[in-house]
Amino acid sequence: MYPRALRSIFVKFTNQQTTSSVVNNGFSAVTLQKLQASEARRHFATHLDEEFEHEDEDELPEGLQKKHWIDSKAQKEVDKMLATKPEIAKLKKVIELEWEVMKQDGECVPSALRPRDWEEVLKLPSRNKRRKFFNYLFIIEKQKEKRQMEKLQNMAELELIREERAKREVPNEIVYGFGANFLLRRVSDATMNHMYNWNVHRASMFGNKLVYDFSYEKLMTTFELKSCAKQIMESFAVNRVHNYPFEMTFCNVNMNGPLFERVMRFMPHILDDDFPIRVEEKSYLDLFDKSQVVYLSSDAPTMMEKYDPDSIYIVGAYVDRGPKKPISMAKAKKDKIKMVKFPIDKYIRFGDGSGKDLTLNQCTSIMLDAQCYGMEEAMKHVPRRKLLESRVKVLERKIQKDLFLSKTGTEELAYDNDDVVRPQIMSENVYDFSHSARSKHRKQWNK
Amino acid sequence: MSLFMRSSICFAQCTKRLLNNAVRASKRNYNRPAIRKVFRMDQIREKELLINKLMIDAQKNNDEKNIDNDTWTAIREEMQKEFPDLNDKIDSIIYDLCLNYGKPQQAINFYKYLRANNVELQLNIVGKYLRAYSQLKRPVTKDEERDILETYNALREDYPLLGAKSCEDCIVALCMTKHWELSFELLDMICEFQEPGPLVHSAIMTAAFKNNDPQKAWKLISGKTVPLTSSVHISYLDYCQRNFKGEKLINNVMKMLHFWRDQNLVLNQLVVDNYKTFFESLNYVTSKTSVSKNGICSACKTQLTQTTLSQDNFKILSDSVMKKLIVGKNVFCTTSPQELKRYMLFIKSMKSYDIVIDGLNVAFAKRKFQNKGSIKNIIEVVRYFQKYSPKKVLVVGRAHMNWWSKEEMESLRSVADVFLTKNLSADDPFLLHLTLLSGSNTYFVSRDLMRQHLHLLRDSKLKRLFKRWQMSRQYLFNTDTETKNIILHPPPEFELNTQEDMNGIHIPFTELESLILPRSYTVPENWLCVRKR
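Counting starts from 1 at the beginning of each chain's written sequence and moves along it residue by residue. Numbering of ligands from 1 and lettering of chains from A proceed in the order in which they are written. In keeping with the predicted nature of the model, local features appear solely for residues at pLDDT of at least 70, side-chain atom pairs appear and are counted solely at 80 or more, and the whole-chain, interface and lining totals rest on all residues. Side-chain numbers come from the whole structure's heavy atoms, not from hydrogens or water.

**Structural notes on the sheet that holds strand β10 (residues 526-531) of chain B**
Residues and elements named next belong to chain B.
- If you trace the four strands from one edge of the open sheet to the other, you get β1-β10-β9-β8, paired in antiparallel fashion. Bordering the open sheet on either side are β1 (285-289) and β8 (499-500), each of which pairs with just one other strand.
- The pairing of β1 with β10 spans five bridges and is antiparallel. Bridge pairing links T286 to V530 in β10.
- The contact criterion used throughout is that any non-hydrogen atoms of two residues lie within 4.5 Å. To obtain an axis, a line is fitted to C-alpha atoms, over the contacting stretch when the element is a helix, and the angle between two such axes runs from 0 to 180 degrees between their N-to-C directions. The way it works is that DSSP assigns letters per residue, a run of H or I at least four long becomes a helix, a run of E at least two long becomes a strand, and they are numbered from the N terminus. The sheet contacts of helix α15 (residues 247-263) involve β8 and β9 (504-509), and relative to β9 the element is tilted by about 50°.
- Running over the sheet, helix α16 (residues 269-281) touches β1, β9 and β10 and is turned about 155° from β1. Here, strands pair whenever DSSP counts at least two bridges between them.

Okay, structure coming up:
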């Protein structure tokens, strides 16, 4: 009756219910889970240091195996390069020396290079690009350190709260509140996941389709590939949260290619049966009727006046930094398909010197809102900083800074109307997935 | 203030560019989020340290007294107390401070102190020590020469391979000495994996000229466009004056002038002053002047030569435009195969035109006053050209121009020929190709400087050729804000390069003191005029 993917989800739901109802030795199921989790964490922490010392991959826990998998694959790639080309070995030595000198000079370089970094560094053509890459790695390393610090701080705070609880006068008093006895069950991340995925599965039965074209893999650099994969991940996140999501289809996928590998890093379960994304190696012309298909391209001649539910829209999974080329238009022209662009010029006045190309997740959220709220409402997802008003505001601020600061030399004047300039959040429907926002929620929860 | 600003958006847009430049020029850095280094020089300079005191005193009194070994130890101990986190980088911080205050001699002394006390020397400090010699602003003595060679040999024994930065340090130091030929080995080491930095070529070339071996220098930069320092040009002049006399001297100096001409270089003040005094010493009359729009020098009243390209050059250019711009990597980006076939047929039957107009660019010339493009603008431009003599004019545009207004289109067709590409195709590459095919006497009209197309040509020699042709053949225009008329700016009628004729030489230069680079799109204001008595 139901498709196979859906059936497996039902099985998961039922399993969960049975486990949660069981009570062992007076412990509630929730506390048991917590205990298990803390044990696992300790186990994980001890293994972290020995990450590269393990020789047998099968011994590692599942989470670490995946981490290890990226590096071991990269190491194989590097070894292959070293074996085939003798000059690469020389280059590796040179880069090692360079990295050492930069470290001694006090420039921003990472403390160590992992195999996956080596794979990228060896392909970079110039010294300046290598320096920028090192700088990028350095920033990420520092971010990780900071996150670790925050984690430890949070743990310490929690410990304090627990101690306070233990000091209560009547030890077995029933306390009502978050983290203690409460009317509602705590909704965990896993159940939220299931709900959102179900949301998309429903769309695969009744909803509209949105297709991502993965055929531009060879035209992108590694840096562009990285951001492209991230944008795809973010567009999936936006899609599943929406009230009326699309059925997402990836076509022209090269399963062993670098782009799909990057996507796999973000979504490791993407090839599972119950994962709400359809991945196809075929072209969209083989999958759908040619008259139905419409390509979304910023260089198209006609505007998209209204969302047409009968047609299937295609987004090109292509990120280009640097000189822009009408590549998606060329592809649509070659395949002789209809193409269409967003009515940005109709609703929005762009500021000077901002490009009219959008990221993939912005495209998805525009399409999502276009199908239920109309085109004008959907245009809210175009970033505010590109609009003329915000450009003028930024300019004003610059002028004020330059005029007043040069005369008085105090910085207070310039920051007076700081709140006016700060970009506003677009609408209430937009969700903040950033790390800082999530940690804020977590803090509220712990209180 | 803010109310006024908000009311006039146009004004704000205009001032933006000016302001950006002003902000870039001012040394205050407001919004610079990226910090390149773990420690910052300006923060360390603000602190009350012994080394800061000593350096500031030395700057004030302008003395070059060496600092004693005892004070160096005191400085090191103090720094180690001040920055406990950066303990392994203390030596390089002190070294950087010395160079930051403009005292390379003290930096060299510090290195010698470290070496005498058997401190473990890091690779970067050895490199900095070698580089400090190039900042001394005086030739090195014999003892120092020996020292440089010894440290270099010791370094190579420890590290048979070196990174690009250390290589450059060694090259810059070795080029100060007699053993400059060792630097070719290092240059090969750099070039194996990347392009060398801007100072390497200049350093080696000046060393070659100083040591009377100019052929190696010319060989080094044949077929390349590299930014050069002014020391290269000056040292060549010295070399010529040392070795030659009479006619041979002038012939050898002319070799350098031909190099400037081939590379389209615009020189700076320092170089031009040197050459000026040289020519004056040979009894030439020299003067710094300007050149009028017609190409007449205001000092000697002679006409400068015109740019002339041979038939072969035109063929090379038109072929490469066809190959790299129109076809490119993906034909569908600019055209489609069917359209290309139609275009080839059009070329076969085409006659040569006098003027080719970028139709859409001119149609949208008055965008400030009218939102839509109009064909009237194109007719206005065509009439300007046909005022005095009948000229064949071609207008290149896109197919959607047909829908704007039928009557105007017909009247345009009566005055000029029209070639329209498809709506989804690019029109600029076709414009360039058609102009190149029409021959050496054809001009084209466009406000676009075609820089994105220039970039696609890739080859530096081709680029130079294309730019030379473009600067002599492109009519630019702007619109008058009061009368709302299009004002055409004809291209300069003379070559913008260094050039010689029967009586003398003309050299363009700028008043800035920068690296010497090929000319941009502007006409150089300053010229050096040299002529015989």
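And the narrative resumes.
**Some remarks on a positive patch on the surface**
- Together, K325(A), K323(B), K324(B), K329(B) and R458(B) make up a region of like positive charge exposed at the surface.
- Inspection of the secondary structure assignment puts K329(B) in the loop between α17 (311-327) and α18 (331-334).
- Three labels apply to residues, based on accessible area from a 1.4 Å probe with only protein chains included: buried if under 20% of the type maximum, exposed if over 50%, partly exposed otherwise in between. On the accessibility criterion, K329(B) (81% relative accessible area) is exposed. A patch is a set of surface residues, each over 30% in relative accessible area and not in a salt bridge, joined within 9 Å for like charges and within 5 Å for the nonpolar side chains Val, Leu, Ile, Met, Phe, Trp and Tyr. Per-residue and other accessible areas were derived by the Shrake-Rupley procedure at a 1.4 Å probe size, with only the shown protein chains allowed to occlude residues. Any carboxyl oxygen of Asp or Glu that lies within 4 Å of a side-chain nitrogen of Lys or Arg is treated as forming a salt bridge with it. Under the counting rule used here, the positive set is Lys and Arg, the negative set is Asp and Glu, and His together with the chain ends is not counted. A charged residue contributes its charge at one atom only: NZ of Lys, CZ of Arg, CG of Asp or CD of Glu.

**Regarding unusual backbone geometry**
Residue and element names in this part refer to chain A.
- Backbone geometry at N252 places phi at a positive 60°, although glycine is not the residue there.
- With respect to the helices, strands and loops of the structure, N252 is situated in the loop between β2 (247-251) and α9 (258-266).
- Phi is positive for K336, which is not a glycine, with a value near 55°.

**Looking at the pairing of strand β4 (residues 417-421) of chain B**
Residue and element names in this part refer to chain B.
- Of all five residues making up β4, four are buried, and the element is well covered by its neighbours.
- Here five bridges tie strand β3 (residues 393-398) to β4, and the two strands are oriented parallel to one another. Note that in β4 the partner of G397 across the bridge is L420.
- Orient the strands so they point away from the viewer, and a crossover whose first-strand-to-second-strand path over the helix runs clockwise is right-handed. Once the chain exits β3 it traverses helix α22 (residues 406-415) before rejoining the sheet at β4, and the crossover so formed is right-handed.

**Observations concerning helix α8 (residues 123-132) of chain B**
- Burial runs high along α8(B): nine of the ten residues are buried.
- Taken together, the buried positions of α8(B) are occupied by L123(B), N124(B), I125(B), V126(B), G127(B), K128(B), Y129(B), L130(B) and A132(B).

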